[in-house]
Amino acid sequence: MILRIVKMTFREDETENFLVLFNERKSLIRAFEGCSHLELWQQAGTPNVFFTYSMWESEQHLDHYRFSELFKDTWAKTKALFADKPQAWSVEQKMVVQP
């Protein structure tokens, strides 16, 4: 399982446009083969910074998505709204700590 975290900073006047785009595409992304989870988070106190958290069955599934027409089109439209370079991490769970 791969967790993909992407931090995106938008121009303040483009935040609403990003939310519209995300709402249009979220079901398609979530339904993409290998994607088991998708969330959108907003940084507390900074309304133009968002994080996507998506879970993928494998790095191959994530790569298949990243080279798809859906991703290329969505990313091109998203990139046009940025105020800063995005940051992305792919991480694997190593330990679960139970209370």
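Here the structure is shown first, and the text comes after it.
Scoring rules and cut-offs
Residues numbered from 1 in each chain as written. Predicted model: local features only at pLDDT ≥ 70, side-chain atom pairs only at ≥ 80, totals over all residues. Heavy atoms only, no water. Salt bridge = Lys/Arg side-chain N within 4 Å of Asp/Glu carboxyl O. Buried < 20%, exposed > 50% of the residue type's maximum accessible area, 1.4 Å probe, protein only. Helix = DSSP H or I, 4+ residues; strand = E, 2+ residues; numbered from the N terminus. Core = buried A, V, L, I, M, F, W, Y, C linked by side-chain atoms within 4.5 Å. Contact = heavy atoms within 4.5 Å. Expected span 1.5 Å × (residues − 1). Bend = angle between axes of the 7 residues up to and from the residue. Pairing = 2+ DSSP bridges.

### Things to note about the pattern of salt bridges
Step number 1: Taken as a whole and assessed by the stated rule, the structure comprises 5 salt bridges.
Step number 2: A salt bridge links E14 to R11, with the nearest nitrogen and oxygen atoms 3.2 Å apart.
Step number 3: Using a relative accessible area of 15% as the deciding quantity, one classes E14 as buried.
Step number 4: On the accessibility criterion, R11 (31% relative accessible area) is partly exposed.
Step number 5: A salt bridge links R66 to D63; the nearest nitrogen and oxygen atoms lie 3.3 Å apart. Of this pair, R66 and D63 both sit in helix 2 (residues 59-66), 3 residues apart, which is roughly one turn of that helix.
Step number 6: We classify R66 as partly exposed; its relative accessible area is 34%.
Step number 7: On the basis of relative accessibility, which here comes to 27%, the residue D63 falls in the partly exposed class.
Step number 8: Through salt bridges with shared partners, a single network forms among R25, D73 and K77.

### Side note on the nonpolar core
Step number 1: Listed in full, the 9 residues of the largest apolar core are I2, I29, F32, C35, W56, L62, Y65, L70 and F71.
Step number 2: Mapped by element, the contributors of at least two residues to this core are helix 2 and helix 3 (69-79).
Step number 3: Aside from chain neighbours lying at most four places away, what touches W56 is M1, I2, R4, F32, E33, G34, C35, H61, L62 and Y65.
Step number 4: One finds F18, F50, L81 and F82 within the second-largest nonpolar core, a separate group that totals 8 residues.

### Looking at helix 1 (residues 15-30)
Step number 1: Its 16 residues give helix 1 an end-to-end C-alpha distance of 21 Å, which sits within 8% of 22 Å, the value for a rise of 1.5 Å per residue.
Step number 2: E24 marks where helix 1 bends most, by close to 40 degrees.
Step number 3: T15, F18, L21, F22, R25 and I29 are the residues of helix 1 that are buried.
Step number 4: Lining the buried residues of helix 1 we find strand 1 (2-9), strand 2 (35-42), strand 3 (49-56), helix 2 and helix 3.

### Some thoughts on the pairing of strand 2
Look at any regular strand and the pattern is simple: side chains alternate between the two faces of the sheet.
Step number 1: Taken together, the 7 bridges between strand 2 and strand 3 define a ladder with antiparallel strand orientation. Of the residues in strand 3, the one forming a bridge with H37 is M55.
Step number 2: Linking two consecutive strands that pair antiparallel, namely strand 2 and strand 3, is a turn of 6 residues; a positive phi of about 80 degrees is found at G45 within it.

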